[in-house]
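Each chain, written out:
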Amino acid sequence: MTEMTDGVLHTLFRSEQGGHEQVVLCQDRASGLKAVIAIHSTALGPALGGTRFHAYASDEEAVLDALNLSRGMSYKNALAGLDLGGGKAVIIGDPDVLKSEELLLAYGRFVESLGGRYVTACDVGTYVADMDVVARETRWATGRSPENGGAGDSSVLTAFGVFQGMRASAQHLWGDPTLRGRKVAVAGVGKVGHYLVEHLLEDGAEVVITDVREESLRRVLDKHPQVTAVADTDALIRTEGLDIYAPCALGGALNDESVPALTAKVVCGAANNQLAHPGVEKDLADRGILYAPDYVVNAGGVIQVADELRGFDFDRCKAKATKIFDTTLEIFARAKADGIPPAAAADRIAEQRMADARAAKAAKGSAPAL
Ligand SMILES: NC(=O)c1ccc[n+]([C@@H]2O[C@H](COP(=O)([O-])OP(=O)(O)OC[C@H]3O[C@@H](n4cnc5c(N)ncnc54)[C@H](O)[C@@H]3O)[C@@H](O)[C@H]2O)c1
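Please read these numbers as outputs of a predicted model, since none were measured by experiment.

### Topic: the UniProt feature "active site" (unreviewed entry) in the protein chain
Line of reasoning, step 1. Taking the numbering used here, the UniProt-annotated feature "active site" (unreviewed entry) corresponds to K88.
Line of reasoning, step 2. Position of K88 relative to the elements: it lies in strand β5 (residues 85–92).
Line of reasoning, step 3. Each residue touching K88, except ones within four places of it in the same chain, is listed here: V36, I37, A38, G49, G50, A66, L69, S70, M73, Y118 and D123.

Below is the structure:
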């Protein structure tokens, strides 16, 4: 057994991070499909999580990614208040080379074979158009286009949810949810970031942005000349007088270099996996910086794809995404009460919700028949 294979089995069966219910390895030689579907938990309901299409360095790395990502989805879905568990799939290979209709259809048949235990959606390397193809073979594909019964672009609600997380942060720290007069830095004004800027300006905040793509910057600056742009993220996080920093580009934004340099008092943004490694959440707390956990505040997108299962309704989704305000406040209160960073408090609350659901199921299962 290689060290890596042992690492996979360790994660799966022996580590505290494990506890996955089921891992399915899928292969369709005709189309070149090699996929891993990981179901971490169905305690709260069918396991929902996107399909990542990526050229992994090895098959073991792909399995580990599926294991880690699916676990993250259990926590995210639990805190979003969804009656859905956590799962994730990865398709192994370069999507630019390997992706074909035949492959996506074969993948759809594997998803269907799980009978609804796993519900898929878009992730890195898969798009709304791909889910439309997958959905030809399975009922259990969300993130489809509106023409195919889907909800389309999820970034509108993701931005709205992040805004709710920021309002909760302001309420916790300054006793008032308004962002009027607050100086907010947004790193990455792509699909989510540019909608977030709209909410902030509407609420009366002062906004500073950066982006590596000129088109992304121009779209915001042409529409809102009052917004200031700075050269890069390094300059952004050091901007004087910042109240809030919103990472809305890539993961790992909070690391050993950036955290000591932050001038903001709050971090709340859309990017996934902002904490570069375990321990960064404590570094933030030690500097007195309030961190709104990424997977809690960016749940607007998953709330939207989950709603597709019932027939998408924007207002219903928006009402659910508004609750991110209350959830974020609850996390800050729990963090204070338990003397732990908010990221750890969020995990505890999610674990409690899953444990309660498991206990309720067990009690129902063991109740005498009437
Ligand atoms: N779209 C959603 O519904 C959704 C849901 C949950 C989480 N997220 C996460 O939010 C983040 C943003 O998602 P998106 O859909 O807006 O993506 P996007 O690709 O549309 O936007 C990202 C923006 O960040 C910019 N960028 C990339 N590297 C940068 C850097 N080093 N410095 C500054 N800017 C940089 C890009 O040029 C782009 O404009 C991602 O981490 C994503 O995983 C998105």
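### A short note on the pairing of strand β10 (residues 244–247)
Line of reasoning, step 1. Where burial is concerned, the two faces of β10 agree: the one with I244 and A246 and the one with Y245 and P247 are both buried.
Line of reasoning, step 2. As paired strands, strand β7 (residues 183–187) and β10 are joined by four bridges and run parallel to one another. Within β10, the position partnered with A187 by the bridge is P247.
Line of reasoning, step 3. By the bridge criterion, two bridges tie β10 to strand β11 (residues 266–267) in an arrangement that is parallel.

### Notes on the pattern of salt bridges
Line of reasoning, step 1. Under the counting rule described, the total for this entry stands at 22 salt bridges.
Line of reasoning, step 2. Here R52 ties to D123 by a salt bridge, and the two come within 2.4 Å at their closest N and O atoms. Within this pair, whereas R52 is found in strand β4 (residues 51–54), its partner D123 is found in the loop between β6 (118–119) and α5 (128–134), the two being separated by 71 residues in sequence.
Line of reasoning, step 3. Overall, the relative accessible area of 19% leaves R52 in the buried class.

### What to know about the environment of L179
Line of reasoning, step 1. Tracing the chain through its elements places L179 in the loop between α6 (155–174) and β7.
Line of reasoning, step 2. Given a relative accessible area of 0%, L179 falls into the buried group.
Line of reasoning, step 3. Here the alpha-carbon distance between L179 and L217, two residues 38 residues apart in the chain, equals 22 Å.
Line of reasoning, step 4. Look past the residues within four positions of L179 in its chain and what remains in contact with it is F163, M166, R167, A170, L200, D203, G204, A205 and I244.

### Focus: the domain arrangement of the protein chain
Line of reasoning, step 1. Segmenting the protein chain into domains produces domain 1 (6–70 + 85–148) and domain 2 (155–351).
Line of reasoning, step 2. Computed from C-alpha coordinates alone, the two centres of domain 1 and domain 2 are separated by 28 Å.
Line of reasoning, step 3. Contacts between the two partners involve seven residues from domain 1 and, on the opposite side, five residues from domain 2.
Line of reasoning, step 4. Where domain 1 abuts domain 2, roughly 520 Å² becomes buried across the two surfaces, and 65% of that area is made up of carbon and sulfur atoms.
Line of reasoning, step 5. Considering only the side of domain 1, the residues that lose the most area to domain 2 are L48, T142 and R144, jointly responsible for 62% of the buried surface there.
Line of reasoning, step 6. Our count for the domain 1 to domain 2 interface comes out at one salt bridge.
Line of reasoning, step 7. In this structure, the salt-bridge partner of R144 is E308, at a minimum N-O distance of 3.1 Å.

### Some words on the packing of aromatic side chains
Line of reasoning, step 1. Scanning all chains against the criterion turns up one aromatic pair.
Line of reasoning, step 2. Centre to centre, the rings of F312 and F314 are 6.5 Å apart; their planes meet at 80°, and the pair counts as edge-to-face.
Line of reasoning, step 3. Positioned over the ring face of W174 is R182, at 3.8 Å from the centre of the ring.
Line of reasoning, step 4. Against the face of F160 rests K318, its NZ or CZ located 5.0 Å from the ring centre.

### Comments concerning the UniProt feature "binding site: NAD(+)" (unreviewed entry) in the protein chain
Line of reasoning, step 1. As annotated by UniProt and renumbered to match this structure, "binding site: NAD(+)" (unreviewed entry) occupies G188, V189, G190, K191, V192 and G193.
Line of reasoning, step 2. Relative to the helices and strands, V189 is located in the loop between β7 and α7 (191–202).
Line of reasoning, step 3. Non-local contacts of V189, meaning those with residues more than four positions away in its chain, are made with H194, V197, I209, T210, D211, S216, L217, R219 and V220.
Line of reasoning, step 4. Along the chain, the position of V192 falls in helix α7.
Line of reasoning, step 5. Among residues more than four places away in sequence, those in contact with V192 are S155, T158, A159 and A270.

### Regarding the site of the ligand
Line of reasoning, step 1. By nearness alone, 19 residues border the ligand, and S154, T158, V192, D211 and A249 come closest of all.
Line of reasoning, step 2. Within the contact set of the ligand, an oxygen atom lies 2.7 Å away from a side-chain nitrogen or oxygen of T158.
Line of reasoning, step 3. Between A270 and the ligand, the recorded distance is 3.3 Å, taken from a backbone N or O atom to an oxygen atom.
Line of reasoning, step 4. Look at the ligand: alone it shows 820 Å² of surface, and the protein chains cover 75% of it.
Line of reasoning, step 5. Of all the secondary structure elements, the ones that give two or more residues to the shell around the ligand are α6 and α7.

### Quick notes on the packing of α7 against helix α8 (residues 214–223)
Line of reasoning, step 1. Running from N to C, α7 and α8 point in directions that differ by 15°, and their axes come no closer than 10 Å. Taken as axis vectors, α7 and α8 run roughly parallel relative to one another. Crossing angle aside, the handedness with which α7 passes α8 is right-handed. Taken together, the residues of α8 that come into contact with α7 (itself represented by K191, H194, V197 and E198) are R219, V220 and K223.

The rules behind each value
Residues numbered from 1 in each chain as written. Predicted model: local features only at pLDDT ≥ 70, side-chain atom pairs only at ≥ 80, totals over all residues. Heavy atoms only, no water. UniProt positions renumbered as here; feature names shortened; annotations may be inferred. Helix = DSSP H or I, 4+ residues; strand = E, 2+ residues; numbered from the N terminus. Contact = heavy atoms within 4.5 Å. Buried < 20%, exposed > 50% of the residue type's maximum accessible area, 1.4 Å probe, protein only. Pairing = 2+ DSSP bridges. Salt bridge = Lys/Arg side-chain N within 4 Å of Asp/Glu carboxyl O. Domains from an automatic or database assignment. Buried area = accessible area lost by both parts, 1.4 Å probe. Phe/Tyr/Trp six-rings, centres within 6.5 Å; stacked < 30°, edge-to-face > 60°. Lys NZ or Arg CZ within 6 Å of the ring centre and 35° of its normal. Near = heavy atom within 4 Å. Polar contact = N/O pair within 3.5 Å; in protein donor to acceptor, adjacent residues only side chain to side chain. Areas by Shrake-Rupley, 256 points an atom, 1.4 Å probe, with all protein chains shown as cover. Axes fitted to C-alpha atoms, helices over the stretch in contact; angles between N-to-C directions. Parallel < 35°, antiparallel > 145°, perpendicular 65-115°, else oblique. Left-handed = near helix turned anticlockwise from the far one by under 90°.

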